[in-house]
Amino acid sequence: MKSNIIALLLAACTLTAAAQIADKPKFSISPTGRILVDGAGYMGGNNGAEAAGDTKFVSGVAIPDLRIGVKASYGKWQAKVDVGFGYGKVGLKDTYIEYDFNSENLIRGGYFVPQFGLNSETSSSMKPSYEEPTSNEFFYANPRLLALMYEYSGDKYFAATTLFAEAAAMTNNATAMGKQAWGAQTRLVWRPSHTDDGTIAQLGISLNYSSPTADDHSGFEFTSNFPSRVSKVGLLNAQVDHARGLFKFTPELLLAKGRFALEAQYYYMNVARKDGFSSYCAQGAYGMLRGLLAGSNYTYTMGDAGVATPTPHSFEMVLMYNYTNASDASAGIYGGITNDASCTFNYYINKYMIARLRYSYTTVRDRYVDNMLDRRHVNIIEARVQIKF
């Protein structure tokens, strides 16, 4: 893997030199990178954990994400290679080639996060709520996949359609996998208002069908952690066997006026099963209220169909509530029911740096999984300094 990464970076530099000689069309290349430094303290949540074999919360610090890479453009062509070093593990992140037909239409192929719901609009480090909503993680809404995506971004409408293979296809050959899972999804958005004064109104829906990925491609595994990366402690866990395939969808709502914004999504998933087993259903939702205590009004980003990152020196408060039900009695699967409430403060220091402070209270119940307590709760206070360019 390391030798492949070095070869990709050297190839990008070679292309730069060749294009500068030709000087037509114009070629440009720029470095990219990010680093996250987190600290977290956990209050409660460990009672009975060791006896049950469950993972403990341990206060401390971490660098959960460190990346370097390059972006390149050549006429209507765009490319990106990103390498991650989170927790000392090396792996490819966004690695794709894109062709922009014009300002409204593009096609992208490679390894990236396809469009599905509002959280497609921000990378993992740019979530205004510090971490992504639990529902988004559990329903596997925004994984990085080996995919081909077409995107249309017009004034009033946004649409993206994607065909993809399972994420493991990026690290294993088809022979070793025995079989590759596949899927298709789309995000459709109507945005009647997105003015310069911060008036935004948007409705959308995303749909997905996927074939099984787990247990030699006969099942699915859905998991999520408590919302922190310093200690990684399991929150929800649903193992679905005898699966035919899954269908999921998520409607989205985005409203903004001046310095206030509301974001919300609902998630529903149904896994069809064979051999007489009942289908597994799960659902969840979150609502996020954002307010700029200092800074300019919120603005809109057309290409991603969402709220743009606030301007430098902005100070933001974000209130979020998330509910996820991963237990389905009719299917005999009790992955857990969780509620999470949080308050996050974000200070956008400059165009490259952000400081975040978050408090959250998370509970889970009705979770009947080996080596996990059936119910648990924790208070988390965490802080982050991030650099991204």
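What this report covers is the structure whose coordinates are included nearby. (Residues numbered from 1 in each chain as written. Predicted model: local features only at pLDDT ≥ 70, side-chain atom pairs only at ≥ 80, totals over all residues. Heavy atoms only, no water.)

Looking at the nonpolar core
Phe-138, Phe-222, Met-269, Val-271 and Tyr-280 are the most contacted members of the largest nonpolar core, which totals 54 residues. The dominant element in this core, judged by the number of residues it contributes, is strand 14 (residues 280–294), at five residues. (Core = buried A, V, L, I, M, F, W, Y, C linked by side-chain atoms within 4.5 Å. Buried < 20%, exposed > 50% of the residue type's maximum accessible area, 1.4 Å probe, protein only. Helix = DSSP H or I, 4+ residues; strand = E, 2+ residues; numbered from the N terminus.)

Concerning the pairing of strand 14
Across twelve bridges, the pairing between strand 13 (residues 260–273) and strand 14 is antiparallel. The partner of Phe-260 across the bridge, within strand 14, is Gly-291. Hairpin remark: strand 13 followed by strand 14, antiparallel, with six residues in the connecting loop; positive phi at Asp-275, about 60°. As defined by bridge partners, strand 14 adjoins strand 17 (residues 315–328) across eleven bridges and the pair is classed as antiparallel. (Pairing = 2+ DSSP bridges.)

Quick look at the side chain of Glu-316
Along the polypeptide, Glu-316 turns up in strand 17. A polar contact is formed between the side chain of Glu-316 and the side chain of Tyr-348, at a distance of 2.7 Å. (Polar contact = N/O pair within 3.5 Å; in protein donor to acceptor, adjacent residues only side chain to side chain.)

A few points about a nonpolar patch on the surface
A contiguous nonpolar patch, built from Trp-182, Leu-188, Ile-205, Leu-207, Tyr-209 and Phe-247 and spanning about 520 Å² of accessible area, is present on the exposed surface. The dominant element in the nonpolar patch, judged by the number of residues it contributes, is strand 9 (residues 200–210), at three residues. Relative to the helices and strands, Trp-182 resides in strand 8 (residues 182–194). With a relative accessible area of 47%, Trp-182 lands in the partly exposed category. (Patch = residues over 30% accessible without salt bridge, like charges linked within 9 Å, V, L, I, M, F, W, Y side chains within 5 Å. Areas by Shrake-Rupley, 256 points an atom, 1.4 Å probe, with all protein chains shown as cover. Salt bridge = Lys/Arg side-chain N within 4 Å of Asp/Glu carboxyl O.)

A few points about unusual backbone geometry
One can expect most non-glycine residues to show negative phi and most peptide bonds to be in trans. We note that Ala-305 has phi near 60°; this positive angle belongs to a residue other than glycine. Relative to the elements of secondary structure, Ala-305 occurs in the loop between strand 15 (300–301) and strand 16 (306–307). The class of Ala-305 is buried, set by a relative accessible area of 0%. In this model, Asn-371 sits at a positive phi of 60°, which is unusual for a non-glycine residue.

Focus: the pairing of strand 17
In terms of strand pairing, strand 17 meets strand 18 (residues 333–348) through 13 bridges, oriented antiparallel. Pairing of Leu-319 across the sheet is with Cys-343, part of strand 18. Connecting strand 17 to the antiparallel partner strand 18 that follows it, the hairpin turn spans four residues, and Gly-332 within it adopts a positive phi of roughly 70°.

Observations regarding the pattern of salt bridges
Pairing is possible between side chains that carry opposite charge, provided their charged atoms lie close to one another. The tally for this structure, following the rule as stated, stands at 19 salt bridges. Notably, a salt bridge pairs Asp-82 with Arg-67, separated by 3.9 Å at the nearest N-O pair. Residue Asp-82 is found in strand 3 (residues 77–84), and its partner Arg-67 is found in strand 2 (residues 60–74); the two are separated by 15 residues along the sequence. Both residues of the pair, Asp-82 and Arg-67, belong to the buried class. With its nearest N and O atoms 3.6 Å apart, the salt bridge here joins Asp-94 to Lys-80. Within this pair, whereas Asp-94 is found in strand 4 (residues 91–100), its partner Lys-80 is found in strand 3, the two being separated by 14 residues in sequence. By relative accessible area, which is 14% here, Asp-94 ends up buried. What emerges from the salt-bridge pattern is a single network uniting Arg-34, Asp-65, Arg-67, Lys-80, Asp-82, Asp-94 and Arg-144.

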